[in-house]
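Structural overview
Spelled out, the chains give:
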Amino acid sequence: MTKMKLFAAAIMIVFSAMACASNGGSANDDSPLSPQDSIVQKALGDSIFNIIANAKTITAEIIGYTDSTKAKTPEVKLSAEDLQIMKFLLRNPQNVASNDTVFGRVLPNICFKFQYKKLMCQLYFDFGLRKWQVKDKDDKVLRTFDIKSPEFVHLASQLFPSDEYLNELLKQ
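These lines cover the structure that appears in this document, whether it is placed above or below. As the structure is a prediction and not an experimental result, all values here were calculated from the model. (Residues numbered from 1 in each chain as written. Predicted model: local features only at pLDDT ≥ 70, side-chain atom pairs only at ≥ 80, totals over all residues. Heavy atoms only, no water.)

Thoughts on the sheet that holds strand β3 (residues 110–116)
Worth spelling out the cut-off: If DSSP finds at least two bridges between two strands, the strands pair. The helix and strand labels rest on DSSP assignments: H or I over at least four residues marks a helix, E over at least two residues marks a strand, and numbering proceeds from the N terminus. Between two residues, a contact is recorded if the distance between any of their heavy atoms is within 4.5 Å. Throughout, an axis means a line fitted to C-alpha atoms (over the contacting stretch in the case of helices), and angles, computed between N-to-C directions, take values from 0 to 180 degrees.
With antiparallel pairing, the six strands of this open sheet are ordered in space as β2-β1-β3-β4-β5-β6. Sheet topology places β2 (76–77) and β6 (141–146) at the edges, where each strand pairs with a single neighbour. When strand β1 (residues 57–62) meets β3, the two strands line up antiparallel, connected through six bridges. Across the sheet, residue A60 finds its bridge partner in β3, namely F112. Running at roughly 90° to strand β4 (residues 119–126), helix α3 (residues 46–54) makes contact with β3, β4, β5 (131–135) and β6 of the sheet.

Concerning the packing of aromatic side chains
For clarity, the cut-off: Pairing of aromatic side chains requires ring centres within 6.5 Å, counting the rings of Phe and Tyr and the six-membered ring of Trp. Pairs whose planes differ by under 30 degrees are stacked, by over 60 edge-to-face, and all others tilted. Each residue is placed in one exposure class: buried if its accessible area under a 1.4 Å probe, protein chains only, is under 20% of its type's maximum, exposed if it is over 50%, and partly exposed if it falls in between. Placement of a charge over a ring requires the Lys NZ or Arg CZ to be within 6 Å of the ring centre, with the centre-to-atom vector within 35 degrees of the ring normal.
With the rule as written, the count across this model stands at five aromatic pairs. Measuring from centroid to centroid gives 6.2 Å for F125 and F127, while their planes differ by 25°, and the two rings are stacked. Each member of the pair, F125 as well as F127, is classed as buried. Measuring from ring centre to ring centre gives 5.1 Å for W132 and F145, while their planes differ by 35°; the resulting arrangement is tilted. Of the two residues, W132 is situated in strand β5 and F145 in strand β6; the sequence distance between them amounts to 13 residues. Given the relative accessible area of 0%, W132 is considered buried. Taken together, the aromatic side chains of F112, F125, F127, W132, F145 and F152 make up a single cluster linked through ring pairs. One residue, K135, lies across the ring of Y124, its end atom 4.3 Å from the ring centre.

See the structure below:
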C-alpha cells in the first residue's frame, strides 16, 4: 500500500509540473495570438503592437487646449488597473478598423505615452474629430484610426476628473 501511495504521489507531481509548464509562457514568446490581437497587430504593425502589449509604464497628459489661461496639466502615470484597461481597449479590433475621411485637422486632447524597455510610442486622441493617432518618439504620425468606443473618454475623465472638457464630453 505504501508503494501505491508513493507511485500516486509521483504521478500527481509530474502532472502538476506539466500543468505549470504549459501555462508559464511569457508575453514575449511566439505563442499564437487571439484573433482580436492578430487584427490589431496587423493594423498597428509588429513593433508598435509589441510596445503597447508589453508596456510596463503608461503616462497620460492633457494637451491641445488653446486657452492660454489654462494651467498645464501634469502627466499622470496610469495605475496597474488603468494600464490593463487601456491595453484592453486598444485590443478591440473596432478601434483599428477604419480611418474615415473627415474635414478638419486632428487636434489631440490627450496623449498616452507607452514605455517598454527603451522603446516608446505615443497615442494621441482627438475626441472632437473622433480620431486617434500613433506617433513615434519624434512625433511622426505612423497610423491614424477612428475612435469607435466611448470608453477612451471615460478613461481620460477618470484620469483627469477636474477637466471640464472631458466632463462635458461624458454628458453627451
